[in-house]
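# Geometric and topological summary
Listed below, chain by chain, are the residues.
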Amino acid sequence: LGQVGQALQQLELALTLAQQTGDHARIATVMESLGRTYLAARKPDAAMEYLSQALALARVHEDRRLIAAIHNDTGITHVAQQHHDDALASFATSAREAQAAGDHPLTVRAQINAARMAMKLNQPDNARNRLDQALDTLKDFEPSHDKAMNLIQVGLGYQQLRASMPAMDAPLLLRAAGVLLEAATVAKHLGDERMSSYADGYLGHLYETEHRYDESLHLTRRAVFSARSDRSVT
């Protein structure tokens, strides 16, 4: 709801109560939440302090799912601090730990985050491999809002890679279009107007870059129609 100050107050209270129980796993979970909330409050240094403590406790209990979540949050914090190499390392660790823990949604999110950082660090082959892995994992997901959203992010990633990998332009174009089309199909199956609008809009833009204006115009109009059906789209 955007009430970050109130969230921090509640979490600080939760941390005090968790510490009184002596339950290290619960303490680590609350610290991870505090880290994410301090990041939302644009206080990355405070966020990193809590995330580091949470990670140490999670490692003691070998909680791989929590370790994966903390590393993903740590990566986001490194991004806020402009520590791009550290961010990529954190996202890569998160993806590996999430995969080992069987947390497929987090695996996908971490791989997409790692791909973004790899592109920023001019590592296109690494970025493409991570997008491929994210897409492979998404194939087994049931239709959902999150699946559509992640497919859109993967599709945009392939599209962005075209500038860095001109020799692979045609395959990346086809992959980007196919993934965005799949996202649109999932969203329409769910009746998710918001994701339908995004998927059609990005696909329309992709067609526009290829000078396929009739198809681009059709998709863009459809995206506008979906947006008008869902007032939350901006």
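For the structure, check the block above.
Every value quoted in this text rests on a predicted model; they were computed, and no experiment measured them. (Residues numbered from 1 in each chain as written. Predicted model: local features only at pLDDT ≥ 70, side-chain atom pairs only at ≥ 80, totals over all residues. Heavy atoms only, no water.)

### Structural notes on the overall build of the protein
The number of helices and strands found in the protein is eleven helices and zero strands. Walking the protein from its N terminus toward its C terminus, one meets helices and strands in the order α-α-α-α-α-α-α-α-α-α-α. By residue count, 46% of the 234 residues in the protein fall in the buried class. Accessible surface computed for the protein: about 12,500 Å², of which carbon and sulfur atoms make up 51%. (Helix = DSSP H or I, 4+ residues; strand = E, 2+ residues; numbered from the N terminus. Buried < 20%, exposed > 50% of the residue type's maximum accessible area, 1.4 Å probe, protein only. Areas by Shrake-Rupley, 256 points an atom, 1.4 Å probe, with all protein chains shown as cover.)

### Comments concerning the pattern of salt bridges
Taken as a whole and assessed by the stated rule, the structure comprises nine salt bridges. The residue Asp132 makes a salt bridge to Arg128 at a minimum N-O spacing of 4.0 Å. Of the two residues, Asp132 and Arg128 are both situated in helix α7 (residues 124–138); the distance of four residues between them amounts to about one turn of the helix. Taken together, the shared-partner salt bridges connect Glu32, Arg36 and Asp73 into one network. (Salt bridge = Lys/Arg side-chain N within 4 Å of Asp/Glu carboxyl O.)

### A short note on the packing of aromatic side chains
On inspection of all chains with the given rule, the structure shows one aromatic pair. Ring centres of Tyr38 and Tyr50 lie 5.5 Å apart, and the angle between their planes is 5°; this geometry places the pair in the stacked category. Remark: Tyr50 occurs in helix α3 (residues 44–60) and Tyr38 occurs in helix α2 (residues 24–40); sequence separation between them is twelve residues. In this structure Tyr50 comes out as buried when scored by relative accessible area, which is 16%. (Phe/Tyr/Trp six-rings, centres within 6.5 Å; stacked < 30°, edge-to-face > 60°.)

### Here we look at helix α10 (residues 193–209)
With 17 residues, α10 extends 24 Å between its outermost C-alpha atoms, agreeing within 8% with the 24 Å of an ideal straight helix rising 1.5 Å per residue. Those residues of α10 that fall on the buried side of the exposure criterion are Met195, Ser196, Ser197, Ala199, Asp200, Leu203, Gly204, Leu206 and Tyr207. (Expected span 1.5 Å × (residues − 1).)

### A few points about the packing of helix α8 (residues 145–161) against helix α9 (residues 169–190)
At a minimum axis separation of 8 Å, α8 and α9 run at an interaxial angle of 165°. On the basis of their axis angle, the class for α8 and α9 is roughly antiparallel. The two elements α8 and α9 meet at a crossing, and its hand is left-handed. Only Leu172, Arg175, Ala176, Val179, Leu180, Glu182, Ala183, Val186, Ala187 and Leu190 of α9 make contact with α8, whose side of the interface consists of His145, Lys147, Ala148, Leu151, Ile152, Val154, Gly155, Tyr158, Gln159 and Leu161. (Axes fitted to C-alpha atoms, helices over the stretch in contact; angles between N-to-C directions. Parallel < 35°, antiparallel > 145°, perpendicular 65-115°, else oblique. Left-handed = near helix turned anticlockwise from the far one by under 90°. Contact = heavy atoms within 4.5 Å.)

### Topic: the packing of helix α4 (residues 64–80) against helix α6 (residues 104–120)
As a packed pair, α4 and α6 sit with axes 11 Å apart at the nearest point and diverge in direction by 25°. As judged from the angle between their axes, α4 and α6 are roughly parallel. Crossing geometry of α4 relative to α6 is assigned as left-handed. Contacts between α4 and α6 involve Arg65, Ala68, Ala69, Asn72 and Val79 from the first element and Leu106, Ala110, Asn113 and Met117 from the second. A per-class count over the contact of α4 with α6 returns six nonpolar, two polar and one charged. (Nonpolar A, V, L, I, M, F, W, Y, C, P; charged D, E, K, R; others polar.)

### Some points on the environment of Gln9
Position of Gln9 relative to the elements: it lies in helix α1 (residues 4–21). In the structure, Gln9 is positioned 25 residues away from Leu34 in sequence and 9.7 Å away in space, judged by C-alpha atoms.

### Some details on the nonpolar core
Core analysis: the biggest nonpolar cluster contains 38 residues, and Leu151, Val154, Tyr158, Leu161 and Leu206 have the highest contact counts within it. Every element with two or more residues in this core is listed here: α5 (84–101), α6, α7, α8, α9 and α10. Looking at this core, the element that brings in the most residues is α9, giving ten residues. Beyond its immediate chain neighbours, meaning those up to four positions away, Leu161 contacts Met119, Pro124, Ala127, Arg128, Leu131 and Leu172. Residues Met31, Leu39, Tyr50 and Leu66 belong to the second largest nonpolar core, which totals 21 residues. (Core = buried A, V, L, I, M, F, W, Y, C linked by side-chain atoms within 4.5 Å.)

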